[in-house]
Amino acid sequence: MRNTMGSRVFMLLIGAVYIYYQVHAADIVYIGELMVESNVTLEMETILSALDSTVIQVNKINSVTLSDSELVAECLIVGEKTKCNCSDGYVWSNDVCYTEKCCTESTCKQNVSHITPLCIAKVQVKINGSIMSKSTWDSSKATTLQNEFKGLNGFESLNVTQRPGNSIVDFEAAVSVKVETSKLQSIVTRLETSLAAVIWVDTVGMVTIEAPDTKVCDMSSPELKCTLEEETDSAGWNMSKKHERFELNKGSVVKLNDKCATQEYKSCTEVTLQEVTGLWAGIYECGFTRGSVRHTAKTQLRVALLPDEITLKINPLTVDCSDKKDSDSVIVNVIATILNSTESYVVWWSYRGKGKNNLVNTFNGDYLVYSFDAPISCKKSMDAQYMNVTFKNTVNQEKSQRVDIPVIYRGKQFCSKDGFWPKTPAGDTVINRTCEEGKVGYKSRTCKGPEWENVYSSCISQELNKVLNAADNFKKGLGASQEAAVGIFAGLSNSSTTNSTDPSSVMAEVGASIGVLDVMSSASQNIDLEESVFPSFVDAASNLLNKPWVGVNKSIIQNMSSDYLMSVETLVKNIKVNTSDGFNSTNLELKFCNSSSGCNVSLFDIDVNLTKTSGIMKTVAVKNITDKLPHSLTYLTTSLLLSVTLEDSDNSSLEIRLDFPREEGSEPVCVFWNTTVREWSDEGCSTNISSDGNHTLCVCNHLTAFSVLMSKSDISDATLDMITNVGLGVSICSLLIFLIIESLVWSAVVQTNLSHFRHTAMVNIALFLLLGDCSFLVSSYLDILSDTWCLVLTICKHLFFLAMFCWMLCLSVMLVHQLIFVFSPVRKRVFMFLSSIVGYVCPILIVGSSYVYYKYTDTPYYDKKNCWLIYEKLLKGSIYAFILPVGTVILTNLFSMVVVILTLLKSSIPDSTKTDDKETAKSILKVVVFLTPLFGVTWAIGLIGFILDEKDPMIKVVNYSFTILNSFQGLFILLTGCLTEKKIREELKKLITAKSKGQNESMKKSMNSTVYTKDR
């Protein structure tokens, strides 16, 4: 080549140029291009070696050192003729290809030396796509596809595969350059038009993915990051394992960040997995989407696994050492089971945390099983006997599972064998990990010694267990898509319609189903759920209320119902609404309102009116839930609960009106469900009765779950309250007078044992009635009483009124004994001893034991709404700790009155005349009048009112009669037990006369002294 004919231009790629920052002390790599022009023949190796380690000053502060250089392109320019070629491993850049039509590795005869970059390093990019066409695929279409993709820079090959039996065609194109998305999209658009088809395209090799290159530890938080030079519309992540593929979304484990783009990488997405377990090991794929094109990259995340669940079974379930010596031992077989794993575990067992006995696994289908025998000592010990099984993975992380061994020692209480359940020490729980066919979980039973508690079942169907696992993964962010949410609720709806007759199995299914709702409600805080979820969600939630919630204690049902309500409310609030007006089912009805002028909707005959200016009102009415929620048990709840939420609202003040149907003969109270304390409250709500009396209008200034409580025993009105307060005031004054009179005449009226017995009993009756009335009067001021004082007053009323009835019992039994056993009187010491036990000890024992029982069974002892005992239902509730003993005393005292009356009748029969009959009738009347208040017979009216139904027309008469007779009981005791007794009247007269006589004598002496002085 003659040098005079032109110049030769060399393009050099200067790579890995390091810039040393003195301030930041950090290394940044720069890639640059150097163009060398010469009119003589140049040896490129000489130029490249001369450039090595050259320092170039970039600015006043920074300089760069050339660490590597490479020949990228060579151009020969002779006059106006140009001939350029890329070096091996390089191809023309997209700018050169699409502007100068020099593509791939062909020789370019255009003067392209001014374009930067000129040549770029080859990369491997795959373009995968699917074509869905309505017409038959043929060779002409394949040619069209081939020609379009040949227009891409760096095109290498195209493979087309038609799926058998359908019109879908898959293709894969290979290029050696990162394609421009706009160019690829234009190809797809033209193909969709020419082929009359729908085309999806994704690429591999365009995206840079960063991930841990070694195994990450269990419970660590690895980060994965994807970047792309071009801007895109959206980004996302998927995870694949075995034959499953999951979309990743925000959740309790998955944390996404799409705001990591830089000037160089205009598209970026990061995912952080918090506290990973073996569940998260798999192939991760990120994707950037723009139009019909999706750019992807994949990497594998390896996790040093630990078992997610270690199941331990023992045989026998309990160890019986009741007939063995302390030196003896019993062999127990322990089986540890985990899911099959690729991890190489080191496994050992230990007894009470001591020792290290290695274990070897055996395969059992999808599980790894470890089995060993261990001796359990029969020597009595206060510490539990247990086994630990420990798994250690390849990065030395450990996970252990413990199983306690129940041991029956000699002389210790136990429950006898009952069917499957073996002989078990008191206080221990036996776990049976065998469920019915088609179910998973376990059953447990606790020995309270010597009685067994009911069996508690956690066995649920395999289908429901799959739904529960899917919901748990959804909450974590694994597979958290709209389709997955719809599938979870559909699966829950199907599994909640199973027909089981075993109450424990039903409650296990209900509890697990509520768990699904709870998990999904929690997930809805992070993951947006769309309107399409509503139908299956409403059906699933409704089906749960079709089943009877029985077979477990009340506190469990109350917690379950509260969790159910909170989950339903949260889901209704968080699920987005687009165009629907509502959804309904048997037990749930939803209505939505998006009017800016206010909302009026009706659900299950409940009218709701809300004045608002913005937002979407979501209202859900629920049947068959209020009776399961904890509530003030002096009230009955309606069967309907109504929840109202307002979405996207800026209203500063609200007023909602709810029109409930009213049950005849009931006193309604508007309440809302306080989710914080899990109780009904009437704060912020007012109650009004419609003019026709058939509706209850609730007006509230806040939104939540509303209902109406109907009275059971809180039947007071203004008239009854007035009678009660006046009566108690009169009674308290009367009882004080009675006690003062008794103290004044005591020595004169207790001359005989019989009178001593009688007055002792009456004084105690009056004293405890006085204390009870005072406690009752104080407890009526509920607005100023704390919960502690309310409890104290409840206990006081319970104790004082019981003590009063016990002394009434002593009085009646004493009178009957004197009538029947005339010649065998009770000695004074015996009477006082027995009466003290009945009158003092028995009430304390009844009140104390009932309070302790309700406290330690976690059931309410008193009602904070009225500071009195609780009625739940027939023979259930703390009120029966008062009703049963009082009813017994009243029946006994009625019997005593009958005995007295019959005795009077019998004594008048032999020689009766009309005059005698009148006297007998008068005597009987006196007995009834005098003994009724002292025997507490008027309280029998209260028992009748307790038995009557609230709708009975006689209930109002009973309530007024009971209130009048018993609020004035103190006055009746003063009249019949004190002032009508002749001896007391005489003593009072003597005291008054003596005092008057003493005053007269004192006056006479004073007058005599004055006269004597004057005479002198």
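Above this text sits the structure in question.
Fair warning: this is a prediction, and the values are worked out from it, not measured in the lab. (Residues numbered from 1 in each chain as written. Predicted model: local features only at pLDDT ≥ 70, side-chain atom pairs only at ≥ 80, totals over all residues. Heavy atoms only, no water.)

**A short note on helix 4 (residues 181-195)**
Here helix 4 spans 21 Å end to end across 15 residues, near enough to the 21 Å set by a 1.5 Å rise per residue. Among the residues of helix 4, T181, L184, Q185, I187, V188, L191 and L195 are the ones counted as buried. The arc enclosing the buried residues of helix 4, seen along the axis, measures out at 155°, which places them on a common side. Of the surrounding elements, those touching the buried residues of helix 4 are strand 9 (125-133), helix 3 (139-150), strand 12 (197-204), strand 19 (282-290) and strand 20 (293-301). (Helix = DSSP H or I, 4+ residues; strand = E, 2+ residues; numbered from the N terminus. Expected span 1.5 Å × (residues − 1). Buried < 20%, exposed > 50% of the residue type's maximum accessible area, 1.4 Å probe, protein only. Arc of directions from axis to C-beta. Contact = heavy atoms within 4.5 Å.)

**What about the sheet that holds strand 48 (residues 685-689)?**
The strand order across the open sheet formed by 5 strands is 40-41-45-49-48, and the pairing between neighbours is antiparallel. Edge positions in the sheet fall to strand 40 (599-603) and strand 48, since each of these pairs with one other strand and no more. Direction aside, the axes of adjacent strands within the sheet are offset by 15° on average. Looking at chain direction, strand 48 and strand 49 (residues 695-700) are connected through 5 bridges and run antiparallel. (Pairing = 2+ DSSP bridges. Axes fitted to C-alpha atoms, helices over the stretch in contact; angles between N-to-C directions.)

**Focus: the pairing of strand 45 (residues 655-661)**
Alternating residues of strand 45 divide into I656, L658 and F660, all buried, and E655, R657, D659 and P661, none buried. Bridging between strand 41 (residues 606-611) and strand 45 involves 5 bridges; their strand directions are antiparallel. Looking at strand 45, one finds that V608 is bridged to L658. Pairing of strand 45 with strand 49 involves 6 bridges; the strand directions are antiparallel. Bridge assignment links D659 to a residue of strand 49, and that residue is L697.

**Remarks on the packing of aromatic side chains**
Aromatic ring pairs are defined here through the distance separating the ring centres and the angle between the ring planes. Summed over the entire model, instances satisfying the criterion amount to 19 aromatic pairs. Between F534 and F592, the ring centres sit 5.2 Å apart and the planes meet at 45°, which makes this aromatic pair tilted. With F534 in helix 8 (residues 534-544) and F592 in strand 39 (residues 588-593), this residue pair connects regions lying 58 residues apart in the sequence. Of the residues examined, F534 reaches a relative accessible area of 0% and is grouped as buried. An angle of 50° between the planes, with centres 6.5 Å apart, marks the rings of Y854 and Y861 as tilted. The residues Y854 and Y861 share a single accessibility class, namely buried. Pairwise contacts between aromatic rings join F489, F534, F537, F583 and F592 into one cluster. K423 extends its terminal NZ or CZ atom over the ring of F414, reaching a point 4.3 Å from the ring centre. Positioned over the ring face of F604 is K623, at 4.3 Å from the centre of the ring. (Phe/Tyr/Trp six-rings, centres within 6.5 Å; stacked < 30°, edge-to-face > 60°. Lys NZ or Arg CZ within 6 Å of the ring centre and 35° of its normal.)

**Quick look at the pattern of salt bridges**
When charged atoms on two side chains of opposite charge get close, those side chains can pair. Counted according to the given criterion, the structure contains 17 salt bridges. A salt bridge links R190 to E148; the nearest nitrogen and oxygen atoms lie 2.8 Å apart. Of this pair, R190 sits in helix 4 while E148 sits in helix 3; the two residues are 42 residues apart in sequence, bridging distant segments of the chain. Using a relative accessible area of 18% as the deciding quantity, one classes E148 as buried. With a closest N to O distance of 3.7 Å, D627 and K628 form a salt bridge. For K628, a relative accessible area of 11% puts it in the buried group. Connected through salt bridges with shared partners, the residues R245, E285, R294 and K298 form a single ionic network. (Salt bridge = Lys/Arg side-chain N within 4 Å of Asp/Glu carboxyl O.)

**Comments concerning the side chain of T227**
The topology assignment puts T227 in strand 14 (residues 223-228). Exposure remark for T227: the relative accessible area of 6% places this residue in the buried category.

**Describing the pairing of strand 21 (residues 311-315)**
Burial of the side chains of strand 21 is restricted to one face: L312 and I314 are buried, whereas none of T311, K313 and N315 on the reverse face is. The pairing of strand 21 with strand 23 (residues 329-339) spans 5 bridges and is classified as antiparallel. Across the sheet, N315 pairs through a bridge with N333, a residue of strand 23.

**Some remarks on helix 7 (residues 503-523)**
Between its terminal C-alpha atoms helix 7 stretches 30 Å, which fits the 30 Å expected from 21 residues at 1.5 Å a residue. The buried fraction of helix 7 is high, at 16 of 21 residues.

**Considerations on the environment of M507**
Looking at the secondary structure, you find M507 in helix 7. Taking the relative accessible area as the measure of exposure, M507 reaches 5% and is therefore buried. Separated by 40 residues in the primary sequence, M507 and K547 have C-alpha atoms spaced 8.8 Å apart.

**Some words on the sheet that holds strand 16 (residues 244-248)**
A sheet is described by the order of its strands in space; here 8 strands give the open sequence 10-11-9-12-20-19-15-16, paired in mixed fashion. The open sheet terminates on both sides in strands that have one partner only, identified here as strand 10 (155-162) and strand 16. Mean inter-strand twist for the sheet, computed between neighbouring axes without regard to direction, equals 25°. Along the sheet, helix 3 contacts strand 9, strand 10 and strand 11 (168-175); its crossing angle with strand 10, the most-contacted strand, is approximately 155°.

**Description of the nonpolar core**
I127, F149, L273 and W280 are the most contacted members of the largest nonpolar core, which totals 83 residues. Those residues in contact with W280, other than ones at most four positions away along the chain, are M239, L248, V253, V254, L273, L301, V303, K476 and L478. Within the second largest apolar cluster, 53 residues are counted, among which are V519, V538, V568 and L571. (Core = buried A, V, L, I, M, F, W, Y, C linked by side-chain atoms within 4.5 Å.)

**Notes on unusual backbone geometry**
With an omega dihedral of -5°, the bond running from T116 to P117 counts as a cis peptide bond. Inspection of the secondary structure puts P117 in the loop between helix 2 (94-100) and strand 8 (119-121). Cis geometry marks the peptide bond from N315 to P316, where omega comes out at 5°. By secondary structure assignment, the location of P316 is in the loop between strand 21 and strand 22 (319-320). You will see that T104, though not glycine, has its phi angle at about 55°, which is positive. The residue T104 is located in the loop between helix 2 and strand 8 in this model. Not every positive phi belongs to a glycine, and N396 is a case in point at roughly 65°. Within the secondary structure, N396 sits in the loop between strand 28 (385-392) and strand 29 (398-405).

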